[in-house]
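Summary of the model geometry
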Amino acid sequence: VTSRFSFGAISTRWFGTGRPTNGDLLKMHFESMTEEQKKAPLFRDWLTYAASLPTRKVKDSTMVLHEQPFWAKPESLGRLALELKEPTTIARDAIHYLCAPPGSGKSATVVPVFLHPDADFTHLLYIAFRNNDGKCFLADPYYPGGPAGDSILAQRQGGAFAVDSLRSLLTEPWTTSGRRKIPLREVPGNPDKAKEEVEALLEEHCGKDCKVLLHVDEHRDMCDRKRDPDCGAMFSYGAMSAWQQAKNVTVIATYTDRPLAVPSEQSSTVCRVPLALPTFDPDAAAKDLPELKVPSSTDPSHDEQRLQATLRFRLAMKLRIVGLMYLHRHLRREEDLVLAPFLKEFKEAANSDENVKKRLESCIKICAVDDVETGDQQKDIASSLLLGLKDGSEELEQSRVSGLVVLPNRKLSASLVDLLGYKDPKHAVYLRGANRMAKVLKAPRSALEGTPLEEAYAWVLAVRGAFLETLKLGRSSFWARFADIELGRIYSTKDDKAVDWKFVQNMRDDTLYVAKEHGRPGVTGSEALDTHPRTDIFFLTAMGQLVLIDVTGSCRPNAVRSKLEKLTSAVMMLQKDMERGGVREVHGVVLAPFVSKEKGRVCNDGKEGLVCDDGRVELVCGEDAKYLLGGLAQVGEWFREDEKRD
């Protein structure tokens, strides 16, 4: 029997003012469990069980993670819950993992995912091997494999260790802190025996119909991995396999790196499968911390929405870099010398003027992220990481990059801060794009054009062209070998009839152009021009194809339809006189990552592309458009412009 509760309360306000917290809901779930499901001493009462759950040390205090608000969109938690329930892997036994830099919220994610209505688990069990206020397990002796360094023995010892540490968790509840040593068996059984012992143990203590989500934290520290790496890896593999292969057990591992002891998804045996962390939602945080409320009017204009998107990007980045744990400390009224001055200044700026746009611009200035550096570290696979790599790819395995993050499409990348800090020795355009993106975080943003989403696409598309020498946009592919990113204008004014054909004639086929307008990195003073109509990014191929790309962060199908119609009109007009610019074809693409494919078909009258004489205007939306963001999809949710927010 499982008990699920309304998730709406969690998704809006998780802390204070009478609404239930994660801890409240987990306690409600615990109390709804049957006696059959609570036979283990661990489940003697709520306080005994709660003492087994993850904690983190923050300065001089211990933070109980399930008591803290978790600020993310409910749909991202729902996606995670469904992936745990119905893994999209050909392998039967998949060890799911969350990996990200420290302080990203990996361990804090598991409780809200467990509570999600789509999760369908009866028990959440937590086994840690480091941190957790000392409540963790380790192998004794710490060096598996015996004196001879026998990796087969190490694997079997790992399987037995999985059984014995789980038994210790269930039957010997934590009363004090301190690492608990689990003696290694001298004659461990084979892997099948370990799996059977795990099943018997869970049936005895959790009931025969239990469905267990087993959270394995800091897995790399269950035994030594340095003196004999092979034995250490096989020990970890044996333990993780014994847990995952047991019926009705789903393992989710959290660590700053992948569980490399377990093969990647290409394996037909027990394998590892990456899961993307839910993206931090600053609007959800503002429900608990009103100081963070983004200025808005009752019916925000398009310009206000674009400024709000820039502000959310900066605000979220600033808070993630400082550390979300300091928001939790502030919420608990603990001494806070890190965020308190910023929160005070942000609140004052958000209420400083009757004009909403001026308030937004003031907040944007305060949220400048000045400590982000670009090009500090040469990285041969920088471009590959920006585009996203499959777990198990040879390039990734050979590089051994640390601090990886999982993207929504389950590819791997580096954190945005790390991506900005890299330079690719083979592709200079990588650093050009990084510098532009960094200016979006640093420079004053008082203008209404040049959103973070547009700059993100410019960076990734330029690198994609340089790296792959082709750019696939929807059904169309274009030869593109970009070496640079430059500012430019096809239209000399904000009127799409004033075409600058001389500029078009001089366009280079190795350059990706970004519309030169207000607020763009590199445009200041007298150079600041009107907004550029119809296109944010454009390029000319060696085949004489002029490609216009219009980017929208809108969630509204009608807004996207309007973009399509205007771009279609512009493409048709350009085609009439394209010989004046030495152009053979004109193509248009609207990138709309926040409009689903289903809604996109409505925008596009059910067609995949709109044909305009010899050219084509195509809508690329939903997951297809997010794919083109590459590694920047990790922060894509911060780029939305006009989503309805409570």
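See the structure shown above.
A brief report on the enclosed structure follows. (Residues numbered from 1 in each chain as written. Predicted model: local features only at pLDDT ≥ 70, side-chain atom pairs only at ≥ 80, totals over all residues. Heavy atoms only, no water.)

1. So, the overall build of the protein chain
On a plain count of helices and strands, the protein chain comes out with 22 helices and 22 strands. C-alpha extents for the protein chain along the principal axes are approximately 85 × 55 × 45 Å. In the protein chain, buried positions account for 59% of the 646 residues. Counted over contacts in the protein chain with a minimum sequence separation of 6, partners at least 24 positions apart contribute 75%. Of the roughly 26,200 Å² that the protein chain leaves accessible, carbon and sulfur atoms contribute 48%. Distance between charge centres in the protein chain, computed from 90 positive and 93 negative side chains, equals 1 Å. (Helix = DSSP H or I, 4+ residues; strand = E, 2+ residues; numbered from the N terminus. Buried < 20%, exposed > 50% of the residue type's maximum accessible area, 1.4 Å probe, protein only. Contact = heavy atoms within 4.5 Å. Areas by Shrake-Rupley, 256 points an atom, 1.4 Å probe, with all protein chains shown as cover. Lys, Arg positive; Asp, Glu negative; His and termini not counted. Charge placed at Lys NZ, Arg CZ, Asp CG, Glu CD.)

2. Overview of the pattern of salt bridges
Overall, the coordinates contain 30 salt bridges when judged by the stated rule. D283 serves as the salt-bridge partner of R312, at 2.7 Å between the closest nitrogen and oxygen. Here R312, found in helix 10 (residues 302-322), pairs with D283, found in helix 9 (residues 282-288); they are 29 residues apart in sequence, far enough to count as distant. K344 serves as the salt-bridge partner of E348, at 2.8 Å between the closest nitrogen and oxygen. Remark: K344 and E348 occur in helix 12 (residues 340-350); sequence separation between them is four residues, near one turn of the helix. (Salt bridge = Lys/Arg side-chain N within 4 Å of Asp/Glu carboxyl O.)

3. Quick word on the pairing of strand 14 (residues 470-473)
Here strand 14 shows one buried face, formed by L471 and L473, and one open face, formed by T470 and K472. Sheet analysis places strand 14 next to strand 15 (residues 476-479), joined by four bridges and oriented antiparallel. Its bridge partner lying in strand 15, L473 is registered against S476. Taken together, strand 14 and the strand that follows it, strand 15, pair antiparallel across an intervening segment of two residues, in which G474 is found at a positive phi of about 70°. (Pairing = 2+ DSSP bridges.)

4. Structural notes on helix 6 (residues 151-171)
End to end, helix 6 covers 30 Å across 21 residues, agreeing with the expected 30 Å (1.5 Å per residue, within 8%). Of all 21 residues in helix 6, 15 are buried; the element is thus mostly enclosed. The residue sitting at the N-terminus of helix 6 and contributing the capping side-chain oxygen is D150; that oxygen lies 3.0 Å from the backbone nitrogen of I152. (Expected span 1.5 Å × (residues − 1). Polar contact = N/O pair within 3.5 Å; in protein donor to acceptor, adjacent residues only side chain to side chain.)

5. Re the nonpolar core
If you look at the biggest cluster of nonpolar residues, it comprises 170 residues, and the most contacted ones within it are W243 and W459. Beyond its immediate sequence surroundings of up to four residues, W459 is in contact with L386, L416, L419, L420, Y430, G433, A434, M437 and L632. Among the nonpolar cores identified, the runner-up in size contains 27 residues, and Y491, L546, V571 and M578 belong to it. (Core = buried A, V, L, I, M, F, W, Y, C linked by side-chain atoms within 4.5 Å.)

6. Let's talk about the side chain of E199
By the secondary structure assignment, E199 is in helix 7 (residues 191-206). In this structure, E199 is buried with no salt-bridge partner, the nearest side chain bearing the opposite charge being K195 at 4.4 Å. When residues no more than four places from it in sequence are discounted, the contact partners of E199 are Q245, A246 and K247.

7. Overview of a negative patch on the surface
A surface patch of like charges, here negative, comprises D370, D371, E373 and D376. For E373, the location among the structural elements is in the loop between helix 13 (356-366) and strand 10 (377-378). (Patch = residues over 30% accessible without salt bridge, like charges linked within 9 Å, V, L, I, M, F, W, Y side chains within 5 Å.)

8. Describing the sheet that holds strand 7 (residues 212-217)
On the basis of which strands lie adjacent, the open sheet formed by five strands has the order 4-7-8-3-9 and parallel pairing. Of all strands in the sheet, those with a lone pairing partner are strand 4 (123-128) and strand 9 (271-274), marking the two edges. Averaged over neighbouring strand pairs, the angle between their axes works out to 25° when direction is ignored. Bridging between strand 3 (residues 94-99) and strand 9 involves four bridges; their strand directions are parallel. Across the sheet, the residue bridging to Y97 is P274, located in strand 9. (Axes fitted to C-alpha atoms, helices over the stretch in contact; angles between N-to-C directions.)

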